[in-house]
Amino acid sequence: MIEKEKLRDYAHKLMFDMNDSEYETLQEEFDIILKQMNLIEKIPNISDVSPMTFPFPNNDVSLREDEIGDYLTVSEVLENAKHQVNDQVRVPKVVDEDV
Amino acid sequence: MYRGKSILELRESLDNGNVTSEELFGSANKLAHYFQEDYNSFVTIIDKCKVKRSNSLISGIPYALKDNFSTTGILTTGSSNILKDYVPVYDATVYKKLKRAGGVLVGKTVLDELAMGGTGTTGHTGIVRNPWDKERQIGGSSAGSAASVALGIVPFSIGSDTGDSVRKPASFGGIVGFKPTYGLISRYGMFAFASSLDHVATLTRNVRDAAIVTDILKGQDPKDMVTLKDDGKKYVDTLDNDIKGRKLFYIKEICDLDLYKDSGDSELIEVLEKFHELLDKCREMGFVVEEVSVDKDLFNAIYPTYMCISCAEATSNNANLTGIQFGPRGEGNSIEEIMFDARTKGFSELIKRRFILGSYILQKENQEKLFLNACRVRHMIVDKITELFKEYDGMILPASGGIAPKFDEKDEKLSDRYLLLENHLAIGNFGGFPSITLPFAFVSDMPVGINITGGVKCDDIVLNMAERIEELTGYKDIYAKVGDIDV
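What comes next concerns the included structure.

What counts and what doesn't
- Residues numbered from 1 in each chain as written.
- Chains lettered and ligands numbered in written order.
- Predicted model: local features only at pLDDT ≥ 70, side-chain atom pairs only at ≥ 80, totals over all residues.
- Helix = DSSP H or I, 4+ residues; strand = E, 2+ residues; numbered from the N terminus.
- Rg over C-alpha atoms; globule rule 2.2 N^0.38 Å.
- Buried ≥ 20, exposed ≤ 12 C-beta atoms within 10 Å, placed from the backbone.
- Axes fitted to C-alpha atoms, helices over the stretch in contact; angles between N-to-C directions.
- Parallel < 35°, antiparallel > 145°, perpendicular 65-115°, else oblique.
- Contact = placed C-beta atoms within 7 Å.
- Nonpolar A, V, L, I, M, F, W, Y, C, P; charged D, E, K, R; others polar.
- Arc of directions from axis to C-beta.
- Expected span 1.5 Å × (residues − 1).
- Left-handed = near helix turned anticlockwise from the far one by under 90°.
- Pairing = 2+ DSSP bridges.

## Here we look at the overall build of chain A
Here's step 1: Looking only at helices and strands, chain A has three helices and two strands in total.
Here's step 2: The linear arrangement of helices and strands in chain A, starting from the amino end, is α-α-α-β-β.
Here's step 3: Computed over the C-alpha atoms, the radius of gyration of chain A is 24 Å, more than 25% above the 13 Å expected from 2.2 N^0.38 for a compact globule of 99 residues.
Here's step 4: Looking at chain A as a whole, 13% of its 99 residues qualify as buried.

What follows is the structure, given as structure tokens:
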């Protein structure tokens with residue numbers, strides 16, 4: 001069974017946490033997930049196949065001209081931010097005063 | 001009076017002056033409120049009618065939009081606590097096009113949290129119930145969009161489909177779910193789940209309405225760089241084309257009756273029997289229908305391949321949900337602590353599990369073995385199906401091996417049925433193939449759907465074949481006639 005600490009590490013890398021019982025549920029779920037993942041490993045001779053990252057080649061894509069398009073105003077951008085100061089999103093100080 | 005009517009029926013009533021769009025909105029609004037407590041289709045029901053008339057077929061006609069499409073000034077939550085108070089300041093292209101065409105928004109519909117799920121049970125405002133049986137799931141993630149159409153509240157709704165999120169709930173709800181070719185419809189303003197698999201899709205009660213709505217939504221959008229140039233076709237005009245000689249195939253390893261005859265699952269057997277009866281009717285109509293065989297090991301890997309790719313992409317796409325620029329602000333003494341707290345409180349357990357799986361897949365030691373190999377398997381499956389589409393016009397399969405599950409039912413997650421019959425719809429997302437589900441039978445008084453998938457950019461052919469098959473099923477324009485209300 002996958003270790004709980006490993007799962008916790010994966011969660012922390014994505015910047016969230018769960019409680020102990022939630023990790024235990026996930027441990028059990030991982031048992032089945034890993035068996036399902038084994039189905040991928042069962043397929044032979046795939047190293048020569050290129051990984052597919054999009055469904056099909058799209059030749060309709062071209063770079064747009066570097067022109068100013070629609071944009072949001074500062075007040076629109078800030079509309080959903082809970083803490084603001086001087087037209088900016090307010091966050092805790094990130095620079096140490098002693099530096 | 002107007003409940004359960006199709007787009008064209010409502011169009012006729014509007015054009016004849018028998019009803020106004022304000023009255024249609026009023027009717028849909030009443031229905032939405034009436035059914036909300038029992039079925040929970042909506043996160044937000046709009047109470048103010050805003051009509052902008054045009055000469056489009058949907059002008060003045062009510063519709064519903066999944067709550068992962070950005071709508072200026074209207075709460076848009078993704079059915080997640082991390083966006084529970086988010087009010088967008090811009091419109092998704094889909095919403096903009098529907099507004100321009102005169103569609104009248106009735107509400108924003110409940111989804112599985114951030115579109116990651118297939119049950120309709122994980123939205124932050126509660127579970128969505130199946131209109132045909134309240135004790136059963138409608139499926140997801142476009143749960144409320146499906147329920148609102150299956151209840152007859154609106155003639156059409158918009159959903160998103162990353163693995164089967166429109167086509168599966170369509171099957172469970174007895175309605176039509178159409179996911180066009182990848183890039184046909186702009187996803188700008190639709191919350192991204194897995195960008196290489198995400199599609200905008202429609203839910204309607206007949207194939208013609210699906211074509212009408214897709215005709216309005218399709219087209220290239222500079223704001224979504226994967227969108228295709230407009231093919232210039234009007235799908236609604238090709239629906240009546242002759243299908244004589246059109247070739248369909250079904251996959252033996254997915255729906256051969258012999259595979260399941262000892263399963264003891266009478267509903268599954270009945271679904272497959274009725275599926276093969278329908279194939280016979282298709283042959284009588286003029287379709288050529290043949291069985292093909294595939295590498296079962298390869299197709300058994302559809303579900304894990306989907307999970308690897310979608311969860312990995314989702315971890316990246318949802319990294320912007322931090323509670324800093326929008327969403328509930330977390331507590332802490334540093335930016336990191338604030339984000340950590342916001343994400344810990346904002347995501348539900350189920351979605352966290354998917355993110356952790358994505359994180360696991362993307363660990364350095366797993367990237368080659370899991371993520372890249374999943375992308376290779378995707379390539380092999382798409383190549384196989386594309387090769388078949390050189391000979392055939394479409395693939396026809398049951399959308400699911402059974403009726404909508406009850407809320408406490410658990411799948412056997414390593415069974416053939418689960419891996420193949422319940423998850424093959426993801427093929428349509430792997431290859432970006434146009435794919436449509438429509439009702440074809442009732443089993444245990446619940447609807448079941450058939451799925452037809454065709455070659456890339458052959459949306460017109462898929463819709464044409466689907467409309468002819470709809471004639472054979474006799475299940476056009478059905479909805480769950482529950483509730484004592486006539487508006």
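## Observations regarding the packing of helix H13 (residues 349-362) of chain B against helix H14 (residues 364-391) of chain B
Residue and element names in this part refer to chain B.
Here's step 1: As a packed pair, H13 and H14 sit with axes 6 Å apart at the nearest point and diverge in direction by 110 degrees. Comparing their axes, H14 and H13 come out roughly perpendicular. Listed contacts from H14 to Tyr 360, Ile 361 and Leu 362 of H13 are Asn 366, Gln 367, Leu 370 and Phe 371.
Here's step 2: The class makeup of the residues in the contact of H13 with H14 is five nonpolar, two polar and no charged.

## What to know about helix H1 (residues 4-13) of chain A
Residue and element names in this part refer to chain A.
Here's step 1: Within H1 the residues assigned to the buried category are Leu 7, Tyr 10 and Ala 11. Down the axis, H1 shows its buried residues gathered within 100 degrees of arc, on one side only.
Here's step 2: Positive backbone phi, approximately 65 degrees, marks Met 15, located one or two places after H1.

## Re the interface of chain B and chain A
Here's step 1: With 59 residues of chain B in contact, the opposing surface of chain A contributes 46 residues.
Here's step 2: Elements represented by at least two residues in the side of chain B that touches chain A include exactly helix H10 (296-300), helix H11 (302-317), helix H12 (335-346), H13 and H14 of chain B.
Here's step 3: With twelve residues, the single largest contributor to the side of chain B that touches chain A is H14(B).
Here's step 4: In the side of chain B that touches chain A, the residues fall into 33 nonpolar, 15 polar and eleven charged.

## Notes on unusual backbone geometry
Here's step 1: Cis geometry is adopted by the peptide bond preceding B:Ser141, which originates at B:Gly140 and carries an omega value of 15 degrees.
Here's step 2: Phi at B:Ser444 is positive, roughly 50 degrees, even though this residue is not glycine.

## Digging into H11(B)
Here's step 1: Here H11(B) contains 16 residues, and its C-alpha end-to-end distance of 22 Å stays within 8% of the 22 Å for a straight helix at 1.5 Å per residue.
Here's step 2: In terms of burial, H11(B) is largely enclosed, as 14 of its 16 residues are buried.

## Some details on the packing of helix H2 (residues 20-41) of chain A against H14(B)
Here's step 1: At a minimum axis distance of 9 Å, the contact between H2(A) and H14(B) shows a crossing angle of 55 degrees. Looking at the two axes, H2(A) sits oblique to H14(B). Here H2(A) and H14(B) pass one another in a crossing that is left-handed. Contacts from A:Met37, A:Ile40 and A:Glu41 in H2(A) reach B:Lys369, B:Leu370, B:Asn373, B:Ala374 and B:Val377 in H14(B).
Here's step 2: Grouping the amino acids of the contact of H2(A) with H14(B) by side-chain chemistry returns five nonpolar, one polar and two charged.

## A word on the environment of B:Ser196
Here's step 1: Position of B:Ser196 among the secondary structure elements: in the loop between strand S7 (176-179) and strand S8 (199-204).
Here's step 2: Along the backbone, B:Ser196 and B:Val226 are 30 residues apart, and their C-alpha atoms lie at a distance of 9.5 Å.
Here's step 3: For B:Ser196, the residues in contact, after removing those within four places along its chain, are A:Thr53, A:Phe54, A:Pro55, B:Ile309 and B:Glu313.

## Focus on the sheet that holds strand S9 (residues 247-251) of chain B
All names here are of chain B.
Here's step 1: If you walk across this open sheet you meet the eleven strands as S1-S3-S2-S6-S8-S7-S12-S13-S11-S9-S10, and the pairing is mixed. The sheet is open, and its two edges are formed by strand S1 (42-45) and strand S10 (288-292), each paired on a single side. On average, each strand axis in the sheet is tilted by 30 degrees relative to the strand beside it, whichever way the strands run.
Here's step 2: Both S7 and strand S12 (residues 435-443) contribute to a ladder of three bridges, which runs antiparallel. Considered in S12, the bridge of Lys 179 is made with Ser 435.

## Describing the environment of B:Asp215
All names here are of chain B.
Here's step 1: As for its placement among the helices and strands, Asp 215 is situated in helix H6 (residues 207-217).
Here's step 2: Residues Asp 215 and Lys 234, 19 residues apart in the sequence, show an inter-C-alpha distance of 6.1 Å.
Here's step 3: The contact partners of Asp 215, leaving out residues within four places of it in the chain, are Lys 234, Tyr 235 and Val 236.

## Re the environment of B:Ser195
Here's step 1: With respect to the helices and strands, the residue B:Ser195 is situated in the loop between S7 and S8.
Here's step 2: For B:Ser195 and B:Ser310, which are 115 residues apart along the polypeptide, the C-alpha to C-alpha distance reads 8.4 Å.

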